[in-house]
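# Working through the structure, step by step
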Amino acid sequence: MSEVQVLKPQKTWSHLAARRRKPSEYDIVSTNLHYNNRDANAPYELAPELFMNQWYKQNTFGTALKHADWNAFRDPDEVIYRTYNLMQDGQETYVFGLFDQFNQREHDKSLDARWAGTLARLYTPARYLFHTLQMASAYVGQVSPASTITNCHYFQMADSLRWLSHTAYRTKELSLTFTDKGLGQDERHYWEQDSAWQGFRELMEKVLTVWDWGEAIIVLNMIAKPAVDEAVLRRLGEAARHNGDVLLGLLTDAQLMDVARHRRWLAAFTKMALETEGNKELIQSWIEKWQPLADKAIDAYCSALPDVPNAAEAAKTATRELGF
Amino acid sequence: MALLNRMEWYNLARTTNWTPTYVTEDELFPPSLSGDFDLPLTAWEVYDEPYKQTYPEYVKVQREKDAGAYSVKAALERSRIFENADPGWKSVMKAHYGAIARGEYAAASAEARMMRFSKAPGMRNMSTLGCMDEIRHGQMQLYFPHEHVSKDRQMDWAFKAYDTNEWAMIAARHFFDDIMMTRDAISVSIMLTFSFETGFTNMQFLGLAADAAEAGDHTFANLISSIQTDESRHAQIGGPALKILIANGKKAEAQKRVDIALWGAWKLFSVLTGPIMDYYTPLEHRKQSFKEFMEEWIVAQFERALTDMGLDLPWYWDIFLQELNDTHHGMHLGSYFWRPTVWWNPAAGVTPEERAWLEEKYPGWNETWGECWDVFIDNVVDGNMEKTYPETLPYVCNMCQLPILGVPGKKWNVKDYPLDYNGRLYHFGSEVDRWCFQQDPERYAGHMSIVDRFLAGMIQPMNLEGALKYMNIAPGECGDDAHNYAWAETYRALRETRKAANA
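We now turn to the structure provided with this report. Quick caveat, the model's predicted, so the values are computed rather than measured. (Residues numbered from 1 in each chain as written. Chains lettered and ligands numbered in written order. Predicted model: local features only at pLDDT ≥ 70, side-chain atom pairs only at ≥ 80, totals over all residues. Heavy atoms only, no water.)

When its secondary structure is counted, chain A shows 13 helices and zero strands. When the helices and strands of chain A are placed in sequence order, the string is α-α-α-α-α-α-α-α-α-α-α-α-α. Overall size of chain A, expressed as C-alpha extent along the three principal axes, is 90 × 40 × 35 Å. For chain A, the proportion of its 324 residues judged to be buried stands at 62%. In chain A, the share of contacts with a sequence separation of at least 24, taken over all contacts with a separation of at least 6, comes to 80%. As displayed, chain A has an accessible area near 12,000 Å², and 50% of this comes from carbon and sulfur atoms. On chain A, the mean spot of the 36 positive side-chain charges and the mean spot of the 42 negative ones are 3 Å from each other. (Helix = DSSP H or I, 4+ residues; strand = E, 2+ residues; numbered from the N terminus. Buried < 20%, exposed > 50% of the residue type's maximum accessible area, 1.4 Å probe, protein only. Contact = heavy atoms within 4.5 Å. Areas by Shrake-Rupley, 256 points an atom, 1.4 Å probe, with all protein chains shown as cover. Lys, Arg positive; Asp, Glu negative; His and termini not counted. Charge placed at Lys NZ, Arg CZ, Asp CG, Glu CD.)

Below, the structure written as structure tokens:
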């Protein structure tokens, strides 16, 4: 019999051991964590033809957006669970500090009643919109082929809950000062009926039913979310500042810090996707397919925003700067 | 007033259902993914999670919890607890991390399924936090064992196990994939959170934490009890969903899901946790027997939870209570005998003192399981080591993927429960396993157990060597006796004494 080779301990997980550099905490706890790529016939350890196995075979592994090794993706910020909470607890302390200070100086009482009406129409219904982002990120995360891509989406999902929570908080608080604006009551009606929101509602309902992972990750992150970020955070924040609502301006600035982080991983992802021939054209075709809907959403929302000249153009230009 | 009380805005944050019009409700929430049980959005809006937490509370509390667990780890990093631990205890850690860490990470995606597809807005927000929790549990339970990876090749399996066809991992994946990875949102909430996390993770994380603290492994004890504080929050996601189903006349469908998940969890625990608690944990550190833990944490807990919910005890409750006496002893004997096929070193746990403890906890142990161990011990004492290793694979169940076994000795009762389905013959280890399969045969029928694969020629050569290769486990990783058979010396000495007395 041949000599039996006995495996020796290595400095790190065997799947990272071939590399020369010492793995970071991020590498150790974030990479190659999905196990549904072991068997192309059955992602999960059940009948290969089971509905959910077919779902993953088709939508995750069968997408036209190809890369030889999606597991090589790395989040440039290397966010892990532990650092996410450190970071966001600090951010929440800041935001709730703002809420506290502005409440003490009776900020809401200084707001114009007309602006309060605008908030009831164009700001507080955003909790529905942020929730659609939360749902869409949860979907893309669960069908992503690499845990490092999944994690970016789950943190983004949590960030959307964060924005939603700020919105719910402010809705309640504003309703205590402005009792006749339907605050805390009419948001669903605005979201479902008001012309300013219908573009975003159509966009998000349709984005939420894109099941192909490749198309979904592109459409959510390169089209839909940037439209929301630019119109409903950045331009609304501007409108707020122009209407004496310093608090909302500061709040959207704080939320835009999350957006900046999202865009850093997105840039790394698109760079990686372009390594595969054919992906550029494919992504371009998805952008062309979806951009009109996003533009329509931006137009409808921004045209209702008071005191921000060229809001729609500025927002649309900004979404295109994410291109490649 | 400066800041609002959380309950003043909490309800707004979970009022997020709307009526879609650009796509249909069924397109937005496909029934096969949302598991709406034919109930409209409005029926799910009464969902009320008992454990309420907001985003800012979450990130604050979780940051503090992490600070606690990681600082204990850092403080004890140079303590040589691992190096000095009883080899049986090291095996506990290896088995636990391998079977659990990446399964927990996968659970993040099961939570994300509930987040995206549940029609209950409260469930969607709680699952957002639950998803984050599971990332935590996956990441911590990779980071903590990584500290030991350079000392012991088997620790590599904390990461590697889920990528292999090691037999216990096939069983673990089959169970977790069945209850959490391939189900609709509502079924996940019933099967993963209500049926599995409420009782079983409590037992794994708190029961094992008690043993860990006894064994002096404070890092591990702290880690897993910290994890359990998250579990106890997100485990409550399923309860309100069950209430809605029952209120809408869907009790039978809810009950079926509970019964299937609970049985699968029991089988997995019988092979993973049973041997750990009754054989690997050093005798002096055992808080309770596995059966006692099960009775306190699982049996009593479920009897209460099911009654509170208006559900019935599973129809197989008597079979389950009977199995608490036996199954894990068989699983231990099996995994010990097939020790080259596991990534930890099983402790035999059968010194005379340990056998006395087993006999006390499980009256009749010596005349059943003990008889098998007598033969085994004789072979070790006689130096017939080749007889103490297997040559091929045990027969496994087509539902739980674990060996089909019975009680040996005077109570010998091994029995196969076969089923002919669509022209293929399936084998089950119990009436309950067969029943689970029959509830939804198409989920399972196309799956091949490791024995099916062996018989189909997928494992070559068709012997233990081929099986080890197939399982991707090699010398340096393969398990052997945790104490290098040192315990057999007692029996050798006993035999010498007897010989001298007879001379």
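So that's the structure; there's more coming.
On to the overall build of chain B. Assigned secondary structure in chain B consists of 24 helices and two strands. What you see for chain B is a C-alpha radius of gyration of 24 Å, in line with the 23 Å of a compact globule of 503 residues. Judged by the C-alpha coordinates and their principal axes, chain B covers about 90 × 60 × 40 Å. Within chain B, buried positions represent 65% of all 503 residues. Of the contacts formed within chain B by residues at least 6 apart in sequence, a portion of 78% connects residues at least 24 apart. (Rg over C-alpha atoms; globule rule 2.2 N^0.38 Å.)

All names here are of chain A. Looking at the secondary structure, you find Glu-230 in helix H10 (residues 213–242). For Glu-230, a relative accessible area of 1% corresponds to the buried category. A C-alpha to C-alpha distance of 26 Å links Glu-230 and Gln-185, two positions 45 residues apart in sequence. What Glu-230 contacts, discounting residues up to four positions off in sequence, is Arg-235, Arg-263, Ala-315, Ala-318 and Thr-319.

All names here are of chain B. On the surface, Asp-26, Glu-27, Asp-38 and Glu-253 cluster together into a patch of negative charge. When you line up the elements, Glu-253 lands in helix H14 (residues 251–280). Overall, the relative accessible area of 37% leaves Glu-253 in the partly exposed class. (Patch = residues over 30% accessible without salt bridge, like charges linked within 9 Å, V, L, I, M, F, W, Y side chains within 5 Å. Salt bridge = Lys/Arg side-chain N within 4 Å of Asp/Glu carboxyl O.)

What follows is about the packing of helix H6 (residues 126–143) of chain A against helix H9 (residues 195–207) of chain A. Residue and element names in this part refer to chain A. One can describe the packing of H6 onto H9 by two numbers: an axis separation of 11 Å at closest approach and a directional angle of 15°. With respect to H9, the element H6 is oriented roughly parallel. Of the two elements, H6 crosses H9, and the hand of that crossing is left-handed. For the pair H6 and H9, the contacting residues are Ala-126, Leu-129, Thr-132, Leu-133 and Ala-136 in the first and Trp-197, Phe-200 and Met-204 in the second. Partitioned by chemical class, the residues of the contact of H6 with H9 number seven nonpolar, one polar and no charged. (Axes fitted to C-alpha atoms, helices over the stretch in contact; angles between N-to-C directions. Parallel < 35°, antiparallel > 145°, perpendicular 65-115°, else oblique. Left-handed = near helix turned anticlockwise from the far one by under 90°. Nonpolar A, V, L, I, M, F, W, Y, C, P; charged D, E, K, R; others polar.)

Right, let's talk about the side chain of Glu-215 of chain A for a bit. All names here are of chain A. Within the element layout of this structure, Glu-215 appears in helix H10. On the basis of relative accessibility, which here comes to 11%, the residue Glu-215 falls in the buried class. When sequence neighbours within four positions are dropped, the list of residues in contact with Glu-215 reads Thr-63, Val-210, Trp-286, Lys-289 and Trp-290.

Moving on to the pairing of strand E1 (residues 417–421) of chain B. Residue and element names in this part refer to chain B. Bridge count for E1 against strand E2 (residues 424–428) is five bridges, and the pairing is antiparallel. Counted as the bridge partner of Leu-419 is Tyr-426 from E2. Counted along the chain from E1 to the antiparallel partner E2, the turn is two residues long, and its residue Asn-422 has a positive phi close to 50°. (Pairing = 2+ DSSP bridges.)

Before going further, it helps to spend a moment on the interface of chain B and chain A. You'll often see interface size given as the accessible area lost when the parts meet. Chain B puts 89 residues into the contact, and the matching count from chain A is 86 residues. Buried surface at the junction of chain B and chain A, both sides included, amounts to about 8,100 Å², of which 66% is carbon and sulfur. When the buried surface of chain B facing chain A is broken down by residue, Trp-18, Tyr-22 and Tyr-55 of chain B rank first, second and third, together holding 11% of it. Of the residues forming the side of chain B that touches chain A, the biggest block, 14 residues, is contributed by helix H8 (residues 121–146) of chain B. (Buried area = accessible area lost by both parts, 1.4 Å probe.)

Right, let's get into the environment of Tyr-143 of chain B. Tracing the chain through its elements places Tyr-143 of chain B in helix H8. Each C-alpha atom of the pair Tyr-143 of chain B and Ala-101 of chain B lies 9.8 Å from the other, and the pair is 42 residues apart in sequence. Not counting chain neighbours up to four residues away, the residues in contact with Tyr-143 of chain B comprise Glu-25, Ile-28 and Val-29 of chain A together with Tyr-70 and Lys-73 of chain B.

In this section: the packing of aromatic side chains. Aromatic ring pairs are described here by two measures, namely the spacing of the ring centres and the angle between the planes. Applying the stated criterion to the full structure yields 54 aromatic pairs over all chains. The interplanar angle of 75° and the centroid separation of 5.1 Å between the aromatic rings of Phe-96 of chain A and Phe-99 of chain A together place this pair among those described as edge-to-face. One end of the pair is Phe-96 of chain A and the other is Phe-99 of chain A, both in helix H4 (residues 81–104) and three residues apart, which spans about a single turn. For the pair Phe-96 of chain A and Phe-99 of chain A, one class covers both residues: buried. Grouped by ring-pair contacts, the aromatic residues Phe-175, Phe-176, Phe-194, Phe-196, Phe-200, Phe-269 and Phe-302 of chain B constitute a single cluster. Its guanidinium or amino end placed over the ring of Tyr-70 of chain B, Arg-82 of chain A lies 4.7 Å from that ring's centre, counting from NZ or CZ. Positioned above the aromatic ring of Phe-159 of chain B, the side-chain terminus of Arg-102 of chain B is 4.3 Å from the ring centre. (Phe/Tyr/Trp six-rings, centres within 6.5 Å; stacked < 30°, edge-to-face > 60°. Lys NZ or Arg CZ within 6 Å of the ring centre and 35° of its normal.)

Residue and element names in this part refer to chain B. By the criterion of burial, helix H13 (residues 238–247) is predominantly enclosed, with seven of the ten residues buried. What H13 keeps buried is the set Gly-238, Gly-239, Pro-240, Ala-241, Leu-242, Ile-244 and Leu-245. Looking at the packing, one finds that the buried side of H13 touches helix H4 (41–44), H8, helix H11 (185–214), H14 and helix H15 (290–309). Backbone geometry just after H13 places Gly-249 at a positive phi near 75°.

This part covers the state of the cysteines. Residues and elements named next belong to chain B. On inspection of all chains with the given rule, the structure shows zero disulfides over all chains. Free of any disulfide, Cys-400 has its nearest neighbouring cysteine sulfur in Cys-397, separated by 3.9 Å. Given the relative accessible area of 10%, Cys-400 is considered buried. (Disulfide = S-S within 2.5 Å.)

As enumerated under the stated definition, the model contains 63 salt bridges over all chains in all. Between Lys-119 of chain B and Glu-25 of chain B there is a salt bridge; the shortest N-O distance is 2.8 Å. A residue pair is termed long-range when its members are at least 10 positions apart, and Lys-119 of chain B in the loop between helix H7 (87–117) and H8 and Glu-25 of chain B in helix H2 (residues 25–28) qualify at 94 residues. The salt bridge involving Glu-489 of chain B is made with Arg-492 of chain B; its shortest N-O contact spans 2.6 Å. Within this pair, Glu-489 of chain B and its partner Arg-492 of chain B are both found in helix H24 (residues 488–502), separated by three residues, close to a single helical turn. We classify Arg-492 of chain B as partly exposed; its relative accessible area is 29%. Taken together, the salt bridges that share partners define one network made up of Lys-225, Asp-229, Glu-230, Arg-234, Arg-235, Glu-238 and Arg-263 of chain A.

From the geometry alone we can't say anything about function, so treat these as descriptive.
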